[in-house]
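# Architecture and fold: a report
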Amino acid sequence: MMAVMENAVEKVKVWFRFTPREGWFPQDTEGLWATKVGDDTACVRNVAFLQDGVAEGDVVRYRTDSDGLHWAVGRVSSAGNCTIRVVSVPTGPLGRSPQAVHQRLSVFGLGGEVFSDDFPMVAFNVPAGADFAGIKALLNRGQDEGWWHYEVGCGTDAWWTA
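What counts as what
- Residues numbered from 1 in each chain as written.
- Predicted model: local features only at pLDDT ≥ 70, side-chain atom pairs only at ≥ 80, totals over all residues.
- Heavy atoms only, no water.
- Pairing = 2+ DSSP bridges.
- Helix = DSSP H or I, 4+ residues; strand = E, 2+ residues; numbered from the N terminus.
- Axes fitted to C-alpha atoms, helices over the stretch in contact; angles between N-to-C directions.
- Phe/Tyr/Trp six-rings, centres within 6.5 Å; stacked < 30°, edge-to-face > 60°.
- Buried < 20%, exposed > 50% of the residue type's maximum accessible area, 1.4 Å probe, protein only.

## A short note on the sheet that holds strand 8 (residues 122–126)
Pairing in this open sheet of 4 strands is antiparallel, and the strands run 7-8-6-9 from one edge to the other. Unpaired on one side and paired on the other, strand 7 (111–114) and strand 9 (148–154) mark the two borders of the sheet. Adjacent strand axes in the sheet meet at a mean angle of 25°, parallel and antiparallel pairs treated alike. As defined by bridge partners, strand 7 adjoins strand 8 across 4 bridges and the pair is classed as antiparallel.

Dropping the structure here:
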């Protein structure tokens, strides 16, 4: 019997620095999981809660500091995906439920992660081939009807023109 060998994929955490936004979280860094694709490049493998301008699947360049931390220095290529962050209005029809937010957007098959129980923001990865116009219409409707607030953490030209 022949053993099947899987390619070893090196996972790294790539750190991003940014200026904290007023009235937002005090953090000025966020670490995202990534897989190495070169000596100083990696492909982002999760959704950013705080860092703008990067989406899952994007390839970033990084520098490794003397402590072994990998710090992003720029985006090499875009996967065409977008990052959308949604926070339900606690007094609205969805309450503080990230599950209700997921349910409303489930028709689009979006994957997302919840920030925390204390702050149930959902960060969604919106794949390049998704129905951008339909997603935007639902996000706007939900905001207009008091379900949630949302922001685009990373949008592509296709997103903005949909």
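## A word on the packing of aromatic side chains
In the structure shown here, the tally under the stated rule is 7 aromatic pairs. The interplanar angle of 35° and the centroid separation of 4.7 Å between the aromatic rings of Phe 25 and Phe 115 together place this pair among those described as tilted. One end of the pair, Phe 25, is in the loop between strand 1 (11–17) and strand 2 (29–36); the other, Phe 115, is in the loop between strand 7 and strand 8, with 90 residues separating them in the sequence. Overall, the relative accessible area of 17% leaves Phe 25 in the buried class. Of the residues examined, Phe 115 reaches a relative accessible area of 27% and is grouped as partly exposed.

## A closer look at the sheet that holds strand 5 (residues 70–77)
Strand order in this closed barrel of 5 strands is 1-2-3-4-5, and the pairing throughout is mixed. Neighbour-to-neighbour, the strand axes of this sheet turn through a mean angle of 55°, independent of strand direction.

## What about the pairing of strand 1?
Side chains of strand 1 alternate between two faces, with Val 12, Val 14 and Phe 16 buried and Lys 11, Lys 13, Trp 15 and Arg 17 left unburied. Here strand 1 runs beside strand 5; their pairing, made up of 2 bridges, is parallel. What sits directly across from Trp 15, in strand 5, is Trp 71.

Any functional reading would require information beyond the geometric quantities listed.
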